[in-house]
Amino acid sequence: MKNKRLKIGSYTIILSAIVIATVIIINMAVAALPSSLRVFETDGYDIYEMSKQTEEIVKGVNEKISIYLITEEGNKDEKLSEFINRYSQLNNKITVSIVDPIVHPSVTTISGTNQNLTKLTQNSIIVSSTVRDKVISKDEIYKVEYSDEELNYYYTMGVTPTGTTYFYGEDKISSAIDYVLASSLPTLYFTVGHGEEEPGATLEYYIEADNFNTAELSLMRTESVPSDASCIFINLPSKDINETELELLKEYVDRGGRLILVSDIGSYDGGFKNLKALAAHFGMDSLEGSVTETDTSCLSADGLSMMPILSESDSITALWAEYDLPLTSAAGFTVSDDLPDSLSVTKLITTSDKAYTSAEHNVGEEDKKLYEGECVLGAIASVSAKDTKGAFVWYTSPSMTNNDVDELGGASVAVVLTTLQSLCEKDSDISIAAKAVSAASLMIDENDSNFWSTLMTTLVPIGILLIGLGVRYTRRSR
């Protein structure tokens, strides 16, 4: 009996050891798996889910990339940390490091740059290659945005909006990888000195996200365009250029330079002699007055914006031909029939043939038509130079670049950004949608609030009570 008990006890010990060893091995095997196979999101925000664009960018990396998460011990954003690790799991040339700025106030990145970490906010990121670094602050990764309804409640009732927090981490980090790996970056010069407007917030964001270097250029203070200029952008000037600047810009494009002009009828139609001469030099003859569209198929539902026709024959607008492009305050032009062999002009944006232009008139007066027929609202002129092709692009509505972009929506930002990419011969286009990681508060007006309050605190309890009494009466009567 004693031997039998000993034998059973031995079997139990061996079996227990096997089970314990199996559990340990399974735990070690699971721990060795990449976190993408063992860490899952349960909040429904899908932050860890990478877009196809990011996967293509990361899988194409064949040089060493280091991503540094700058955070003190105990302040680490766990979701952000896990998200960054997903990049290294897609490509082993990408390494991730967590650096405590208290322990290491500075770090020398693989580009050889000494970064001062004490100036960075907690959970900021540095993306580095052997060429250059890109710093991303936490404020760029998480942004709070407010709905029109929330803002309306704030301005009318003083209710503080909570907004919705969006995660821009994928867009920012993927753009940074593209930036640090680029052999050279296009430089976009915005002219100053003629009352130009800065591009609207939406366009400015995408220019930065697409890794364009930007700088200001005063044509009046230079004898030649900087040699590193990939493109010159004249955005909504309120003053005309002078004759010296006119000749400088004509020569720049004729020698292979790229130039974009966006004009506003409010200022442009006020006698911009030299800007009109610049456009005419590239086969675009300006029309006096503002453009009015009469074809209802080329108007918005409220009739306040034009919905022009986008050409499907040019790569700049072909991708967006099926999208709306609401424009306001537009001037127009025609394309010259007499173009030299070295010049070709492609219409990008046009009205219907039922449009017309007219001068300003008093309310109640009938429009005095200056021109009737198709008006060109955007075009590109290609100039054959010796070794390359110059280009001049003209858009005649402020809605292409100013803050109307945010209010009107549509494809204007996409068209301008595609124009820049085409002129600067830039292949990559980083544009990844942000993901909401918090929900805005539900706003209801006072009448609705009273109704739902009465319903939930009075009517529903009374209803439940009556149902209970009915059930009790039914049972007692059986």
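Only a predicted model underlies this, so the values are computations on that prediction, with no experimental measurement involved. (Residues numbered from 1 in each chain as written. Predicted model: local features only at pLDDT ≥ 70, side-chain atom pairs only at ≥ 80, totals over all residues. Heavy atoms only, no water.)

Student: For this particular structure, what's the right way to read the overall build of the chain?
Tutor: A tally of regular secondary structure across the chain gives 14 helices and 22 strands. Looking at the chain as a whole, 43% of its 478 residues qualify as buried. Restricting to contacts in the chain with at least 6 residues of sequence separation, those with at least 24 account for 74%. Of the roughly 26100 Å² that the chain leaves accessible, carbon and sulfur atoms contribute 51%. (Helix = DSSP H or I, 4+ residues; strand = E, 2+ residues; numbered from the N terminus. Buried < 20%, exposed > 50% of the residue type's maximum accessible area, 1.4 Å probe, protein only. Contact = heavy atoms within 4.5 Å. Areas by Shrake-Rupley, 256 points an atom, 1.4 Å probe, with all protein chains shown as cover.)

Student: I'm lost on the packing of helix α8 (residues 243–254) against helix α10 (residues 273–281) in this one. Help?
Tutor: Each pair of packed helices can be described by the angle between their axes along with the distance between the axes. Direction vectors running N to C along α8 and α10 enclose 20 degrees, while the axes themselves pass 10 Å from each other. When the interaxial angle is binned, α8 and α10 end up roughly parallel. In this structure, α8 meets α10 at a crossing whose hand is right-handed. Facing E243, L246, L249, K250 and D254 of α8, the residues of α10 in contact are K273, N274, A277, L278 and H281. (Axes fitted to C-alpha atoms, helices over the stretch in contact; angles between N-to-C directions. Parallel < 35°, antiparallel > 145°, perpendicular 65-115°, else oblique. Left-handed = near helix turned anticlockwise from the far one by under 90°.)

Student: Mind showing me how you'd approach the nonpolar core here?
Tutor: Among the nonpolar cores identified, the biggest contains 38 residues, and Y395 and M400 are the most heavily contacted of them. Of all elements in the fold, only β9 (187–192), α7 (201–209), β11 (231–235), β12 (258–262), β17 (343–350), β20 (376–384), β21 (389–395) and α13 (412–423) reach the threshold of two or more residues within this core. The biggest single contributor to this core is α13, with 6 residues. Contact partners of Y395, with chain neighbours within four places excluded, come to L261, V262, S263, I316, L348, I349, L377, G378, M400, V415 and T419. The next biggest cluster of nonpolar side chains, apart from the first, holds 31 residues, and it includes Y189, V225, I234 and I241. (Core = buried A, V, L, I, M, F, W, Y, C linked by side-chain atoms within 4.5 Å.)

Student: Mind showing me how you'd approach the sheet that holds strand β22 (residues 435–436) here?
Tutor: Strand pairing in a sheet relies on backbone hydrogen bonds, with the paired strands running either antiparallel or parallel. With respect to topology, 3 strands assemble into an open sheet ordered β7-β8-β22, the strand pairing being antiparallel. Strands at the two margins of the open sheet, each flanked by one partner only, are β7 (142–145) and β22. Bridging between β7 and strand β8 (residues 164–167) involves 4 bridges; their strand directions are antiparallel. Considered in β8, the bridge of E145 is made with T164. (Pairing = 2+ DSSP bridges.)

Student: Would you mind going over a nonpolar patch on the surface with me for this structure?
Tutor: Side chains of I462, L465, L466 and L469 sit close together on the surface and give an oily, nonpolar patch of about 390 Å² of accessible area. Summarising the element assignment, L466 is placed in helix α14 (residues 446–476). Looking at L466, the relative accessible area reads 53%, which means it is exposed. (Patch = residues over 30% accessible without salt bridge, like charges linked within 9 Å, V, L, I, M, F, W, Y side chains within 5 Å. Salt bridge = Lys/Arg side-chain N within 4 Å of Asp/Glu carboxyl O.)

Student: Where do I start with the pattern of salt bridges in this structure?
Tutor: Oppositely charged side chains are able to pair whenever their charged atoms sit close together. Under the defined criterion, the tally for this structure stands at 8 salt bridges. The salt bridge partner of R86 is E82, with a shortest N-O separation of 2.7 Å. Of this pair, R86 and E82 are both found in helix α3 (residues 78–90), 4 residues apart, which corresponds to roughly one turn of the helix. For the pair shown, R86 and E82 are each scored as buried. Between K172 and E140 there is a salt bridge, with the nearest N and O atoms lying 3.5 Å from each other. Taken together, the positions of K172 in helix α6 (residues 169–181) and E140 in helix α4 (residues 138–141) put the pair 32 residues apart, joining distant regions of the chain. We classify K172 as buried; its relative accessible area is 9%.

Student: Please clarify how α8 should be interpreted in this entry.
Tutor: Along an α-helix, a turn takes 3.6 residues, which lines up residues three or four apart on a common side. Here α8 is 12 residues long and its end C-alpha atoms lie 16 Å apart, about the 16 Å a rise of 1.5 Å per residue gives. Contacts made by the buried residues of α8 are with β11, β12, α10, β20 and β21. N-cap assignment for α8: the residue whose side-chain oxygen lies 3.1 Å from the backbone N of T244 is N242. Note on α8: the residue one or two positions beyond its end, G256, has a positive phi of about 115 degrees. (Expected span 1.5 Å × (residues − 1). Polar contact = N/O pair within 3.5 Å; in protein donor to acceptor, adjacent residues only side chain to side chain.)

Student: Honestly, the packing of α6 against α7 in this entry has me stumped. Any pointers?
Tutor: Relative to each other, α6 and α7 sit at 45 degrees, their axes nearing to 10 Å. Classified by the interaxial angle, the pair formed by α6 and α7 is oblique. Here α6 contributes D171, K172 and S175 to the contact with α7, which in turn contributes Y205, E208 and A209. Within the contact of α6 with α7, the residues separate by chemical class into 2 nonpolar, 1 polar and 3 charged. (Nonpolar A, V, L, I, M, F, W, Y, C, P; charged D, E, K, R; others polar.)

Student: It is not clear to me how α3 should be interpreted in this structure. Could you clarify?
Tutor: Under the 1.5 Å per step criterion, the end-to-end length of α3 is 19 Å for 13 residues, consistent within 8% with the ideal 18 Å. Among the residues of α3, L80, S81, E82, F83, I84, R86 and Y87 are the ones counted as buried.

Student: Explanation requested: a negative patch on the surface in the structure shown.
Tutor: A cluster of like negative charges, contributed by E198, E204, E208 and E216, occupies part of the molecular surface. You can call E208 partly exposed: its relative accessible area is 40%. (Lys, Arg positive; Asp, Glu negative; His and termini not counted. Charge placed at Lys NZ, Arg CZ, Asp CG, Glu CD.)

Student: I tried to follow the sheet that holds strand β5 (residues 124–128) on my own but got confused; where do I start?
Tutor: Pairing in this open sheet of 4 strands is mixed, and the strands run β2-β1-β5-β6 from one edge to the other. In this open sheet, the two strands that pair with only one neighbour each are β2 (94–99) and β6 (133–136). Each neighbouring strand pair of the sheet contributes to a mean axis angle of 15 degrees, computed without reference to strand direction.

Student: So what exactly am I meant to see when it comes to the packing of aromatic side chains here?
Tutor: Each aromatic ring pair is summarised here by two numbers: the centre-to-centre distance and the angle between the ring planes. Across all of its chains, the model carries 9 aromatic pairs by this definition. Considering the side-chain rings of Y205 and Y206, the 5.2 Å spacing of their centres and the 80 degrees angle between planes classify their relative orientation as edge-to-face. On the basis of relative accessibility, which here comes to 16%, the residue Y205 falls in the buried class. These aromatic residues form a ring-pair network of at least three members: F83, Y87, Y142 and F167. Positioned above the aromatic ring of Y179 is the side chain of K134, whose terminal nitrogen or guanidinium carbon lies 4.8 Å from the ring centre. (Phe/Tyr/Trp six-rings, centres within 6.5 Å; stacked < 30°, edge-to-face > 60°. Lys NZ or Arg CZ within 6 Å of the ring centre and 35° of its normal.)

Student: Hey, could you run me through the environment of Y356 in this one?
Tutor: Structurally, Y356 is set in strand β18 (residues 356–358). Each C-alpha atom of the pair Y356 and K368 lies 9.7 Å from the other, and the pair is 12 residues apart in sequence. When near neighbours in sequence (up to four residues on either side) are disregarded, Y356 contacts S290, V291, T292, T294, D367, K369, Y371, E372 and G373.

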